[in-house]
Amino acid sequence: AGKTGDVNLPARQTSYNLPQNPNRLGNGEVNLPKQYESQNSGRIVAKSSEYDTSVLSDFTKARKSFVEYFKKHFPAQVTNRNTGDSIVISRNGIDKFLSGNITKDKYTSGFHIPELVETAQMVGRAPNLKPKDGIRGYDYYQNEIEIDGKDYLAHIRVRQTDVGNR
């Protein structure tokens, strides 16, 4: 649960040297500048045409559709290749992903959550500063994804809990 493999990070990192771009997709994803070089072993490529994005006209329907896909197709947990940490893809995490405005690109990226988590690079760790039972802290990851020929950087927050990383 708390191991980081070969990644050597400070106990609390409050700022990251990440590419900045005002064209945010929502939930932390940002357009990826061309000068950002991948540290990942593979590039994730997604096409919105492979998914029924017509449901986005009704966010409630889109959320329900995605949750059904999650239940049928996502593994219960994924092992991050870079840290060796086992990360549970929880319903609560899916609900967080689906909160707020859901753009076509954000929706499309969601179908690749397992691959994004599996190949993401850990970029930080922070303790839980709010008194919440069972949550020790948070690990922060990032990963590249290309959606319909456009590059994005997905930001992933993983809760370190008493029952595993989620």
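Since we're looking at a predicted model, the values are computed, not measured. (Residues numbered from 1 in each chain as written. Predicted model: local features only at pLDDT ≥ 70, side-chain atom pairs only at ≥ 80, totals over all residues. Heavy atoms only, no water.)

**A word on the packing of aromatic side chains**
Quick reminder of the rule: Each aromatic pair joins two rings of Phe, Tyr and Trp (for Trp, the six-membered one) with centres within 6.5 Å, and gets the label stacked for planes under 30 degrees apart, edge-to-face for over 60, and tilted for any other angle. Helical segments are the DSSP runs of H or I of at least four residues, strand segments are the runs of E of at least two, and each set is numbered from the N terminus. Exposure categories follow from relative accessible area, calculated using a 1.4 Å probe and restricted to protein chains: below 20% of the type maximum is buried, above 50% is exposed, and the middle band is partly exposed. A ring is considered to have a charge above it if a Lys NZ or an Arg CZ atom is located within 6 Å of its centre and within 35 degrees of its normal.
Under the counting rule described, the total for this entry stands at 9 aromatic pairs. With a centroid separation of 4.1 Å and 5 degrees between ring planes, the pair formed by Tyr51 and Phe111 is classed as stacked. Of the two residues, Tyr51 is situated in the loop between strand E3 (44-46) and helix H1 (59-73) and Phe111 in the loop between helix H3 (104-110) and helix H4 (113-119); the sequence distance between them amounts to 60 residues. Assigned by exposure class, Tyr51 and Phe111 land together as buried. With a centroid separation of 5.7 Å and an interplanar angle of 40 degrees, the aromatic rings of Phe66 and Phe97 are classed as tilted. With Phe66 in helix H1 and Phe97 in helix H2 (residues 91-97), this pair connects stretches of sequence that are 31 residues apart. A single burial state applies to Phe66 and to Phe97, both of which are buried. Members of the aromatic cluster, connected to one another through ring pairs, are Tyr51, Phe66, Tyr69, Phe70, Phe74, Phe97, Tyr107 and Phe111. Directly above the ring of Phe97 sits Lys106, whose terminal nitrogen or CZ lies 5.5 Å from the centroid.

**Some thoughts on the pairing of strand E7 (residues 135-147)**
The criterion, for reference: Paired strands are those between which DSSP finds at least two bridges.
Within E7, 10 of the 13 residues are buried, leaving the element largely enclosed by the surrounding structure. In terms of strand pairing, strand E6 (residues 121-127) meets E7 through 6 bridges, oriented antiparallel. Bridging across to E7, Gln121 finds its partner in Gln142. In this sheet, strand E8 (residues 150-161) lies alongside E7 in antiparallel orientation, the contact comprising 12 bridges. Its bridge partner lying in E8, Gly137 is registered against Gln160. Following E7, the chain reverses through 2 residues before pairing antiparallel with E8; Asp148 in that reversal takes a positive phi of roughly 50 degrees.

**As for the confidence of the model for the chain**
To keep things clear, this is the line we draw: On a scale of 0 to 100, pLDDT captures the predictor's confidence in every residue. Between two residues, a contact is recorded if the distance between any of their heavy atoms is within 4.5 Å.
Per-residue pLDDT for the chain has a mean of 78; in total, 75% of the residues score no lower than 70. Of all helices and strands in the chain, the one with the weakest mean pLDDT is strand E2 (residues 29-31) (38), whereas H4 scores best (96). Note that residues 1-41 has pLDDT below 50 and, in this model, 85 contacts with residues that lie over four places away or in other chains.

**Observations concerning a positive patch on the surface**
Rule in force here: Patch construction takes residues with relative accessible area above 30% that form no salt bridge. Like charges are linked within 9 Å, and nonpolar side chains (Val, Leu, Ile, Met, Phe, Trp, Tyr) are linked within 5 Å. Accessible surface is estimated by sampling points in the Shrake-Rupley manner with a 1.4 Å probe; for residues, cover comes only from the protein chains shown. Put simply, a salt bridge is a Lys or Arg side-chain nitrogen that is within 4 Å of an Asp or Glu carboxyl oxygen. Residues scored as charged are limited to Lys and Arg (positive) and Asp and Glu (negative), so that His and the chain ends carry no count. Every charge is mapped to an atom, namely NZ of Lys, CZ of Arg, CG of Asp or CD of Glu.
Among the surface-exposed residues, Lys96, Lys130, Lys132 and Arg157 lie close enough to one another that they form a single positively charged patch. Its place among the elements puts Lys96 in helix H2. Taking relative accessible area as the criterion, Lys96 reaches 48% and is therefore assigned partly exposed.

**Some words on the nonpolar core**
Condition: Nine residue types can take part in a nonpolar core, namely buried Ala, Val, Leu, Ile, Met, Phe, Trp, Tyr and Cys, and a core is a set of them joined through side-chain atoms within 4.5 Å.
Core analysis: the biggest nonpolar cluster contains 31 residues, and Phe66, Ile94, Tyr107 and Ile113 have the highest contact counts within it. Among the secondary structure elements, those contributing two or more residues to this core are E3, H1, H2, H4, E7 and E8. Non-local contacts of Tyr107, meaning those with residues more than four positions away in its chain, are made with Asp52, Thr53, Val55, Leu56, Ala62, Ser65, Phe66 and Ile102.

**Observations regarding unusual backbone geometry**
Residues other than glycine seldom take positive phi values, yet Asp148 does so here, at roughly 50 degrees. Of note, Asp148 is situated in the loop between E7 and E8.

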